[in-house]
Amino acid sequence: MVKNNASGKTVKVTLVKSVCGQLHRHRATASGLGLRRMHQSVVVADTPENRGMINASRHLFRVEEA
């Protein structure tokens with residue numbers, strides 16, 4: 001089931017630290033957000049689910065309002 005983000009808010013997430021040597025769940029979080037390589041940025045919906053993923057591995061990401 002896909003929910004549309006009614007408010008239209010988005011965040012830009014950038015991978016600023018390598019996932020090599022990180023726990024499997026941190027690597028899975030980066031992959032789940034669509035990040036594959038260092039300094040790659042993606043724009044994702046600002047939902048509680050995405051915020052939870054970002055907060056779980058916040059030392060790997062830089063987050064900006066988009």
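This text gives an overview of the structure that appears in the document. (Residues numbered from 1 in each chain as written. Predicted model: local features only at pLDDT ≥ 70, side-chain atom pairs only at ≥ 80, totals over all residues. Heavy atoms only, no water.)

This brings us to the nonpolar core. Within soluble globular proteins, side chains that are nonpolar generally end up buried alongside one another. The biggest cluster of nonpolar side chains holds eleven residues, and these are Val-11, Val-13, Leu-15, Ala-30, Leu-33, Leu-35, Val-42, Val-44, Ile-54, Leu-60 and Phe-61. Going through the elements one at a time, strand S1 (10–15) and strand S2 (41–45) are the ones with two or more residues in this core. Looking at this core element by element, the count peaks at three residues for S1. Those residues in contact with Ile-54, other than ones at most four positions away along the chain, are Val-11, Val-13, Leu-33, Phe-61 and Val-63. (Core = buried A, V, L, I, M, F, W, Y, C linked by side-chain atoms within 4.5 Å. Buried < 20%, exposed > 50% of the residue type's maximum accessible area, 1.4 Å probe, protein only. Helix = DSSP H or I, 4+ residues; strand = E, 2+ residues; numbered from the N terminus. Contact = heavy atoms within 4.5 Å.)

A few words on the sheet that holds strand S3 (residues 61–65). What the three strands build is an open sheet, ordered S2-S1-S3; its pairing is antiparallel. Across the chains shown, the open sheet's two edge strands, defined by having one partner strand only, are S2 and S3. Shown here is a sheet whose adjacent strand axes are inclined to one another by a mean of 30 degrees, direction ignored. The strands touched by helix H2 (residues 48–56) within the sheet are S1, S2 and S3, with S3 carrying the most contacts at an inclination of about 145 degrees. (Pairing = 2+ DSSP bridges. Axes fitted to C-alpha atoms, helices over the stretch in contact; angles between N-to-C directions.)

Taken as a whole and assessed by the stated rule, the structure comprises two salt bridges. With a closest N to O distance of 2.7 Å, Asp-46 and Arg-51 form a salt bridge. On the basis of relative accessibility, which here comes to 28%, the residue Arg-51 falls in the partly exposed class. Its salt-bridge partner being Glu-65, residue Arg-51 comes within 3.3 Å of it at the nearest N-O pair. Of this pair, Arg-51 sits in helix H2 while Glu-65 sits in strand S3, placing them 14 residues apart in sequence. The exposure class of Glu-65 is exposed, given its relative accessible area of 60%. Through salt bridges with shared partners, a single network forms among Asp-46, Arg-51 and Glu-65. (Salt bridge = Lys/Arg side-chain N within 4 Å of Asp/Glu carboxyl O.)

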